[in-house]
Amino acid sequence: MNRSARFRTLLKKPPFVCMGAHDAVTAMLAEQAGAPAIYVSGFAASAILAGQPDVGVLTQTEMFEHIRRICRVTTVPVFADADTGYGGLLDVQRTIRLWEEAGASVLHLEDQAVPKKCGHFAGKQLVSKEEMQQKLRAMLDARTDPDFFVVARTDAIAVTGLADALDRLEAYAAAGADGLYADAPESVDQMREIVRRLKPLGKPILFNMARSGKSPYLSLAQVHDIGFDYALCPIEPMFAMHKAVKEMMETFMREGCATNAVADRLTSFDDFNSFVGLDRAIARESKYATK
């Protein structure tokens, strides 16, 4: 069973979370911690690769390479942000082919206009419902792995309101989307209305757990009780990294640039080499050494 088929199997046994990973190391840590699937966020990729906010600065091929690096070091299904598909109808077809080539099993395509923004930023603009339907149909036609899962995302809640967001997702389901995702609901009442309207469509419904202040802070069990099937924990590992490294560097500089001052914050040299597989690499190399 390939990773895409395994992702579809996960959807038969909800709930589950796709843990955010912003590089190869965090992807390996996510799998080691027991995450059943990994999520590659465009927000995180923009920060890690470009040191920029999520305002559409990354190219299609930059994101492709980023996803591929993560897929290489993991065995669980990878859900990768595809933003707006990086252009028009032919561009979205190339996007799904590249994401499949990279090793991803799932993507979400959003209905924002270019230049897009993080779904939890102000100032978003939308394409028409009809244009998004066209993009979904084009993308689905270009899919080569029938198990690859395409999620339709709408950013309409903050732009045109919840009613329009739900109308849009119903139209995207009719266009063939495998799953549905209304980003940044602002209350539990809105979440309940999303489930009430969308559940009869028979498509898995996704919730974004990002701690941005837009959506309620709920556990996976609470999200599932409302009626969502699975969730993203997209940027929390990157925020944890930012806080930990910031504090370590500030302490190091303040304490006279002494590693003793931060030793209790560090993984040991040997433990990290074990984590990245030094012993396995040496064993592989030794097979071919001259005897």
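Residues numbered from 1 in each chain as written. Predicted model: local features only at pLDDT ≥ 70, side-chain atom pairs only at ≥ 80, totals over all residues. Heavy atoms only, no water.

1. A few points about unusual backbone geometry
Of the consecutive residues Pro 14 and Pro 15, the connecting peptide bond is found in the cis state with omega at 5 degrees. By secondary structure assignment, the location of Pro 15 is in the loop between helix H1 (3-11) and strand S1 (16-20). Between Val 114 and Pro 115 the backbone carries a cis peptide bond, its omega angle lying at 0 degrees. Mapped onto the elements, Pro 115 comes out in the loop between strand S4 (106-110) and helix H6 (129-142). (Helix = DSSP H or I, 4+ residues; strand = E, 2+ residues; numbered from the N terminus.)

2. So, the packing of helix H7 (residues 162-174) against helix H8 (residues 188-198)
Remark: H7 packs on H8, axes separated minimally by 10 Å, with the N-to-C direction vectors making an angle of 30 degrees. What the angle tells us is that H7 and H8 run roughly parallel. Here the hand of the crossing between H7 and H8 comes out right-handed. The residues of H8 that touch H7, namely those facing Leu 162, Leu 166, Asp 167, Leu 169 and Glu 170, are Gln 190, Glu 193, Ile 194, Arg 197 and Leu 198. Taken together, the residues that form the contact of H7 with H8 break down as five nonpolar, one polar and four charged. (Axes fitted to C-alpha atoms, helices over the stretch in contact; angles between N-to-C directions. Parallel < 35°, antiparallel > 145°, perpendicular 65-115°, else oblique. Left-handed = near helix turned anticlockwise from the far one by under 90°. Contact = heavy atoms within 4.5 Å. Nonpolar A, V, L, I, M, F, W, Y, C, P; charged D, E, K, R; others polar.)

3. Describing the packing of aromatic side chains
Taken as a whole and judged by the stated rule, the model has eleven aromatic pairs. Taking 5.9 Å as the distance between ring centres and 75 degrees as the angle between the ring planes, the aromatic pair formed by Phe 7 and Tyr 230 counts as edge-to-face. Here Tyr 230 lies in strand S8 (residues 230-233) and Phe 7 lies in helix H1, a separation of 223 residues in the sequence. Residue Phe 7 shares its accessibility class with Tyr 230, and that shared class is buried. Taking 6.0 Å as the distance between ring centres and 50 degrees as the angle between the ring planes, the aromatic pair formed by Phe 272 and Phe 275 counts as tilted. Of the two residues, Phe 272 and Phe 275 both sit in helix H11 (residues 269-275), three residues apart, roughly one turn of that helix. Site record: aromatic cluster; members linked through ring pairs are Phe 7, Phe 16, Tyr 39, Phe 79, Phe 149 and Tyr 230. A cation sits over an aromatic face here: Arg 211 above Tyr 217, 3.9 Å from the ring centre. (Phe/Tyr/Trp six-rings, centres within 6.5 Å; stacked < 30°, edge-to-face > 60°. Buried < 20%, exposed > 50% of the residue type's maximum accessible area, 1.4 Å probe, protein only. Lys NZ or Arg CZ within 6 Å of the ring centre and 35° of its normal.)

4. Quick notes on the pairing of S4
With respect to burial, S4 is a largely interior element, five of its five residues being buried. Alternating positions in S4 separate into two faces, Val 106, His 108 and Glu 110 on one and Leu 107 and Leu 109 on the other, with burial throughout. Assessed by its sense of winding, the connection that carries the chain from strand S3 (residues 78-81) through helix H5 (residues 89-102) to S4 is right-handed. Pairing of S4 with strand S5 (residues 149-154), which is carried by five bridges, proceeds in the parallel orientation. Across the sheet, the residue bridging to Leu 109 is Ala 152, located in S5. (Right-handed = clockwise from strand over helix to strand, strands pointing away. Pairing = 2+ DSSP bridges.)

5. A few points about the environment of Pro 204
Along the chain, Pro 204 turns up in the loop between H8 and strand S7 (205-208). Once the C-alpha coordinates of Pro 204 and Tyr 230 are considered, the two residues, 26 residues apart in sequence, prove to be 7.8 Å apart. Ignoring anything within four residues of it in the chain, the contact list for Pro 204 reads Leu 11, Phe 149, Asp 178, Gly 179, Leu 180, Asp 229 and Tyr 230.

6. Focus on the side chain of Lys 135
Positionally, Lys 135 belongs in helix H6. With no salt bridge to any partner, buried Lys 135 finds its closest opposite charge in Glu 131, at an N-O distance of 4.7 Å. Not counting residues within four places of it along the chain, the set of residues in contact with Lys 135 comprises Thr 84, Gly 87, Leu 89, Val 92 and Leu 109. (Lys, Arg positive; Asp, Glu negative; His and termini not counted. Salt bridge = Lys/Arg side-chain N within 4 Å of Asp/Glu carboxyl O.)

7. Some words on the nonpolar core
In terms of nonpolar packing, the biggest core is built from 64 residues, with Ile 67, Trp 99, Leu 107, Ile 194 and Phe 228 touching the most fellow members. It is H7 that contributes the most residues to this core, seven residues altogether. Contact partners of Trp 99, with chain neighbours within four places excluded, come to Gln 60, Met 63, Phe 64, Ile 67, Ala 80, Asp 81, Ala 82, Tyr 86, Ala 104, Leu 107 and Phe 148. Listed in part, the 14 residues of the second largest apolar core include Ala 37, Phe 79, Val 151 and Tyr 181. (Core = buried A, V, L, I, M, F, W, Y, C linked by side-chain atoms within 4.5 Å.)

8. Notes on the side chain of Ser 46
Following the sequence through the fold, Ser 46 ends up in helix H3 (residues 42-50). Residue contacts for Ser 46: discarding those within four places in its chain leaves Gly 51, Gln 52, Pro 53, Asp 54, Val 57 and Leu 58.

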